[in-house]
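Breakdown of the fold
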Amino acid sequence: MAFTLWSLFEATILCLNAICVLNENRFLAKVGWASWQNVQGFGEPPTMKLQLLNLVRSIRTVARIPLIFINVLMIIIKLVVG
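Residues numbered from 1 in each chain as written. Predicted model: local features only at pLDDT ≥ 70, side-chain atom pairs only at ≥ 80, totals over all residues. Heavy atoms only, no water.

1. A short note on the packing of helix α1 (residues 5-21) against helix α4 (residues 64-81)
Applied cut-off: With axes taken as lines fitted to C-alpha atoms, and helix axes fitted only over the stretch in contact, angles between N-to-C directions fall between 0 and 180 degrees. By definition, any uninterrupted DSSP run of H or I lasting at least four residues is a helix, any uninterrupted run of E lasting at least two residues is a strand, and each is numbered from the N terminus. Put simply, angles under 35 degrees are roughly parallel, angles over 145 are roughly antiparallel, angles from 65 to 115 are roughly perpendicular, and the rest are oblique. In a left-handed crossing the near helix is turned counterclockwise from the far helix by less than a right angle, and in a right-handed crossing that turn is clockwise. For this analysis, residues touch if any pair of their heavy atoms sits within 4.5 Å.
Here α1 crosses α4 at 135°, and the two axes come no closer than 11 Å. Taken as axis vectors, α1 and α4 run oblique relative to one another. When the axes of α1 and α4 are compared, the crossing they make is left-handed. On the side of α1, the interface is formed by Trp 6, Phe 9, Glu 10, Ile 13, Leu 16, Asn 17 and Cys 20, while α4 contributes Leu 67, Ile 70, Asn 71, Met 74, Ile 77 and Lys 78.

2. What about the confidence of the model for the protein?
Operational definition: The score called pLDDT rates the predictor's confidence residue by residue, from a low of 0 to a high of 100.
Scored by pLDDT, the protein has a mean of 82; 82% of the residues are at 70 or more. The least confident element of the protein, judged by mean pLDDT, is helix α2 (residues 24-31) at 70; the most confident is α4 at 93.

3. Section: α1
Short version of the rule: The length a helix should cover is 1.5 Å for every residue beyond the first. When accessible area is computed with a 1.4 Å probe and restricted to protein chains, residues below 20% of their type maximum are described as buried, those above 50% as exposed, and intermediate ones as partly exposed. Read the arc as the range of directions from the helix axis to the C-beta atoms.
In this model α1 runs 24 Å from its N-terminal to its C-terminal C-alpha over 17 residues, within 8% of the 24 Å that 1.5 Å per residue would give. All buried positions along α1 are accounted for by Ser 7, Glu 10, Ile 13, Asn 17 and Cys 20. The buried residues of α1 occupy one face: seen down the axis, they fall within an arc of 145°. On its buried face, α1 sits against α3 (48-62) and α4.

4. Quick look at α4
Here α4 is 18 residues long and its end C-alpha atoms lie 26 Å apart, about the 26 Å a rise of 1.5 Å per residue gives. The positive-phi residue at the C-terminal boundary of α4 is Gly 82, with phi of around 110°.

5. Considering the nonpolar core
Condition: For this analysis, a nonpolar core means a set of buried residues of the types Ala, Val, Leu, Ile, Met, Phe, Trp, Tyr and Cys, connected via side-chain atoms within 4.5 Å.
Ile 13, Cys 20, Ile 59, Ala 63, Leu 67 and Met 74 together form the largest nonpolar core, which totals six residues. Only α1 and α4 provide two or more residues apiece to this core. Once residues lying within four places of it in the same chain are set aside, the contact partners of Leu 67 are Ile 13, Leu 16, Asn 17 and Cys 20.

6. Here we look at the packing of aromatic side chains
Quick note on the threshold: Aromatic contacts are taken between Phe, Tyr and Trp rings whose centres are within 6.5 Å, Trp giving its six-membered ring; a plane angle under 30 degrees counts as stacked, one over 60 as edge-to-face, and the others as tilted.
In this structure the tally under the stated criterion is one aromatic pair. When the ring of Trp 6 is compared with that of Phe 9, the centres are 5.6 Å apart and the planes differ by 40°; the resulting orientation is tilted. Of this pair, Trp 6 and Phe 9 both sit in helix α1, separated by three residues, roughly a single helical turn. On the basis of relative accessible area, Trp 6 is assigned to the partly exposed category, the value being 33%. Here Phe 9 falls in the partly exposed class, since its relative accessible area comes to 37%.

This is the structure we're talking about:
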């Protein structure tokens, strides 16, 4: 398989799907990345762990609905093109 723009797009969509599927109670809490486990004081700079957790949470919030349509489109393209 060659490294093309389509394969890069596919890999990005698959990674976004993986982030959106993560359940905070079942997976992230076991690792210690639940939102209630990361309490930060006022004025403290956010840690790398907290920034990554905020990124995951915002990706799940923003990309959930567009990913449904993108996944349907990718499935149709894969069925037509092969």
